[in-house]
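One-letter residues, chain by chain:
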Amino acid sequence: MKLNFLKNKKILITGGTGSIGSSLVLKLFNSNCNVVRVMSNDENGLYELSKRLNSKGFNNFNFFDSMEKKKIRFFLGDIRDYKRCKEVTSGVDIVIHAAALKHVSICEYNPSEVFQTNVEGTNNMLRASINNKVSKFLFISTDKVVSPTNIMGLSKLKAEKISINANYFKNNKSTKISCIRFGNVLGSRGSVIPNFVSLLKNKKNIYVTDKKMTRFVMSLNEATNLILNSIKVMKGKEIFILKSMNCFKIYELANALVQHFNKINKKKNIVKFSKKLSSEKFDEELFSKREIPFINISQNMFIIKRHKNKKINKKIINNLEKFRVSNFNFMSKIKIINYLKKIKII
């Protein structure tokens, strides 16, 4: 997509060494932005990202000059530290807030740490951005905020609400704040697929918890494009959702991968079942029933706004009810494999 709307803009990406953050950095590198600031508390992740940029012209052996020449900055810092948030947002036009704790099982075991990062950390970034008069702030959310059943979903829901409500802070004179909800991003570090692929490459069996479990899925490229498109059109107070997300049953995904790798490995690995966690849902939801009257539909996005859509009718409501939950239009095994090949996961 064309990035002319980012010309001469100073952009900060928090969680910039994660899957989504680094994908954004790679897409924005050598663009016509004024500068891209990458913030992460992962020192090695920042170094590894700088190495990935070597092929695009970044020179690790001339680090400081290369940062200046290529208009990129690597900031080591934690969003829990308000002072650091204030420093890295100074002079910035756009903040893409991707930093978060996202692994459901780890989050369940460490709830206080999750809320410190996902809620307090987001609040720090919002306060810093507003005080530094950042123009646009986009919070990266998840479909797990809808009817949450786990700590990660609860923390992201609270952060999402804080983000939208920050548009009304008394001292917020210029910062437009919106959110974006993702399904499972395939190939990301939080996705089940890299784990499945790793096990099968090593000729090990893989495990799922239930045949009925379904998920919304999207590629990293779809995720980054949706972020950039949302920044382009956002006016503040919206929640953006990709309209064309795919759905599949985890069990069908597992079987498709087993069949694919059994042909390669010439070994008969199988899908086994493990105990379902109480924090897991059978289906995910993109938006709640309560949010339906507030949804506007664009060419490729559902956009939840603060005021009801006066043009919405019964037919639209019925369609939105259909697209709301990840239990329709499932991908076949062949389509799953072709899709994973297309986005270069297998």
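Residues numbered from 1 in each chain as written. Predicted model: local features only at pLDDT ≥ 70, side-chain atom pairs only at ≥ 80, totals over all residues. Heavy atoms only, no water.

1. Quick word on the side chain of Ser40
Along the chain, Ser40 falls in strand 2 (residues 35–40). The exposure class of Ser40 is buried, given its relative accessible area of 5%. At 3.0 Å, the side chain of Ser40 and the backbone nitrogen of Asp42 are in polar contact. Setting aside residues no more than four positions away along its own chain, Ser40 makes contact with Gly16, Thr17, Leu46, Phe75, Leu76 and Gly77. (Helix = DSSP H or I, 4+ residues; strand = E, 2+ residues; numbered from the N terminus. Buried < 20%, exposed > 50% of the residue type's maximum accessible area, 1.4 Å probe, protein only. Polar contact = N/O pair within 3.5 Å; in protein donor to acceptor, adjacent residues only side chain to side chain. Contact = heavy atoms within 4.5 Å.)

2. A few points about the pattern of salt bridges
Inspection of every chain in the model, using the stated rule, returns 12 salt bridges. Put simply, Arg215 and Glu284 hold a salt bridge, and the shortest N to O gap is 3.6 Å. You can see Arg215 sitting in strand 9 (residues 214–219) and its partner Glu284 sitting in the loop between strand 12 (271–273) and strand 13 (295–297), a full 69 residues away along the chain. Like Glu284, Arg215 is buried. Via salt bridges that share partners, Lys144, Arg215, Lys281, Glu284, Glu285, Glu321 and Arg324 belong to a single interconnected network. (Salt bridge = Lys/Arg side-chain N within 4 Å of Asp/Glu carboxyl O.)

3. Considering the sheet that holds strand 7 (residues 184–186)
The strand order 7-9-11 describes an open sheet built from three strands, whose pairing is mixed. Because the sheet does not close on itself, it has two edges, and the strands there are strand 7 and strand 11 (246–249). Strand after strand, the sheet turns through a mean of 45 degrees between neighbouring axes, direction not considered. Here strand 7 runs beside strand 9; their pairing, made up of three bridges, is parallel. (Pairing = 2+ DSSP bridges. Axes fitted to C-alpha atoms, helices over the stretch in contact; angles between N-to-C directions.)

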